[in-house]
Amino acid sequence: MCNSHNETMRSGQALVMILLLLSVVITIGLAISSRSVTEVAISTTQEESARALAAAEGGIEAALAGRVATGTTVNVGTTGTYVVAAPSQYGAGTQVTFAEGVKAGEAATVFLLAHDTNGSLVVNNQRYTGSSVVVCWGESGSSSVVPALEAILYYQSGANYLASRAVYDSQGTGRTLGSVAPDGNTSGCPTGKNYAFKKTVDFSASGLNIGSGTPYYLRLKLAYNGNTGSPVGVGRVGTSQFPTQGQLVTSTGQAGQTSRKVQVVQRYSDPLPYLDNAVFSGGSLNK
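Values in this document were obtained by computation on a predicted structure and should not be read as measured data.

**Thoughts on the packing of aromatic side chains**
Moving on, step 1. In the structure shown here, the tally under the stated rule is six aromatic pairs.
Moving on, step 2. Measuring from centroid to centroid gives 5.8 Å for tryptophan 137 and phenylalanine 197, while their planes differ by 35°, and the two rings are tilted. In this pair, tryptophan 137 is assigned in strand E8 (residues 132–139) and phenylalanine 197 in strand E11 (residues 195–202), connecting sequence segments 60 residues apart. Each member of the pair tryptophan 137 and phenylalanine 197 is classed as buried.
Moving on, step 3. Here tyrosine 161 and tyrosine 216 contribute two aromatic rings whose centre-to-centre distance is 5.9 Å and whose plane-to-plane angle is 80°, an arrangement assigned as edge-to-face. With tyrosine 161 in strand E10 (residues 160–168) and tyrosine 216 in strand E12 (residues 214–223), this residue pair connects regions lying 55 residues apart in the sequence.
Moving on, step 4. Looking at tyrosine 161, the relative accessible area reads 26%, which means it is partly exposed.
Moving on, step 5. Chaining the aromatic ring pairs together yields one cluster made of Phe111, Tyr154, Tyr217 and Tyr268.

And the structure:
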């Protein structure tokens, strides 16, 4: 009877051990299965995200090339689909910024006149009517890059189309361009960046002196910052607003359950750069 009791005890212990072992095996199996399902889901999402982004970028390329109608879903095979929204206005308002940065020798153009549907400048009620603007440039805290600013204002005076310029540099006349010093603070600069320098550019003073002429556009160039892109921002003075500076193009790509959106700013075309070094007339060109 004792032996029978011992065998029962051993059988019970073996059953408990088997159940514990099965519990461990099931737990490990469920963990592996759950991890596999999660990894498959993540992999699928990543793949769909990459395909959706590729589709959205394809939509941007097609929109910039004028090859797609807005609001129409376009199938790009196994990649996915994209929809390009109708372009919206960009830059119209109280400030115009070039947060991507401007390198030495490049130019940032701020249009003071509106554009028509063909992309040509037109003098109408949408133009900037203020007599000055606030220009901010450089990045606060960067002691190794101290750019100077050259402002070139194109305007019409009577039948003539002229260009006037001024240079602003915190380093004074010690550098080759010569300059007027920037303002002593950066209050009132456009939002989004911590600018290092600011100058209120008066169209009738500060070396520009356009008199009663009609401003067309302002080209801003930086010097002494090399290949380092420094931010540039322009704010209004008074209540007049800047006209549209371009269009904001938006494309949304879709692949499976994942969507990605890409936005690109298409600014109006810059005037030819050789005009920065010439004064010209609408009637005839004189030396």
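There is more to say, and it comes next.
**Considering the environment of aspartate 169**
Moving on, step 1. With respect to the helices, strands and loops of the structure, aspartate 169 is situated in the loop between E10 and E11.
Moving on, step 2. The exposure class assigned to aspartate 169 is buried, which follows from its relative accessible area of 2%.
Moving on, step 3. Spatially, the C-alpha atom of aspartate 169 lies 6.4 Å from that of leucine 149, the residues being 20 residues apart in sequence.
Moving on, step 4. Here the side chain of aspartate 169 touches glutamine 171 through a polar contact of 3.0 Å, landing on its backbone nitrogen.

**Topic: the pattern of salt bridges**
Moving on, step 1. Following the criterion strictly, the structure yields four salt bridges and no others.
Moving on, step 2. For aspartate 183, the salt bridge goes to lysine 199, with nearest N and O atoms at 3.6 Å. Here the residue aspartate 183 occupies a position in the loop between E10 and E11, and lysine 199 occupies one in strand E11, the gap between them amounting to 16 residues.
Moving on, step 3. Among the residues examined, aspartate 183 registers a relative accessible area of 27% and is labelled partly exposed.
Moving on, step 4. On the basis of relative accessible area, lysine 199 is assigned to the buried category, the value being 11%.

**Description of the sheet that holds strand E13 (residues 230–236)**
Moving on, step 1. If you walk across this open sheet you meet the four strands as E4-E13-E8-E11, and the pairing is antiparallel. This sheet does not close on itself; its edge strands, each paired only once, are strand E4 (95–102) and E11. Shown here is a sheet whose adjacent strand axes are inclined to one another by a mean of 15°, direction ignored.

**A look at unusual backbone geometry**
Residues other than glycine predominantly adopt negative phi, and peptide bonds predominantly adopt the trans conformation.
Moving on, step 1. Even without a glycine there, the phi angle at asparagine 209 is positive, about 50°.
Moving on, step 2. The residue tyrosine 224 is not glycine, and still its phi comes out positive at about 70°.

**Digging into the side chain of serine 132**
Moving on, step 1. When you line up the elements, serine 132 lands in strand E8.
Moving on, step 2. Setting aside residues no more than four positions away along its own chain, serine 132 makes contact with Thr200, Val201, Asp202, Phe203 and Val237.

**Description of the state of the cysteines**
Moving on, step 1. By the definition in use, this model includes one disulfide.
Moving on, step 2. Put simply, cysteine 136 and cysteine 189 are joined by a disulfide, and their sulfur atoms are 2.0 Å apart. Here cysteine 136 and cysteine 189 share a disulfide; its torsion about the S-S bond, -95°, makes the bridge left-handed. Here cysteine 189 lies in the loop between E10 and E11 and cysteine 136 lies in strand E8, a separation of 53 residues in the sequence. Cysteine 189 carries the same exposure label as cysteine 136, and that label is buried.

Quick notes on the rules
- Residues numbered from 1 in each chain as written.
- Predicted model: local features only at pLDDT ≥ 70, side-chain atom pairs only at ≥ 80, totals over all residues.
- Heavy atoms only, no water.
- Phe/Tyr/Trp six-rings, centres within 6.5 Å; stacked < 30°, edge-to-face > 60°.
- Helix = DSSP H or I, 4+ residues; strand = E, 2+ residues; numbered from the N terminus.
- Buried < 20%, exposed > 50% of the residue type's maximum accessible area, 1.4 Å probe, protein only.
- Polar contact = N/O pair within 3.5 Å; in protein donor to acceptor, adjacent residues only side chain to side chain.
- Salt bridge = Lys/Arg side-chain N within 4 Å of Asp/Glu carboxyl O.
- Pairing = 2+ DSSP bridges.
- Axes fitted to C-alpha atoms, helices over the stretch in contact; angles between N-to-C directions.
- Contact = heavy atoms within 4.5 Å.
- Disulfide = S-S within 2.5 Å.

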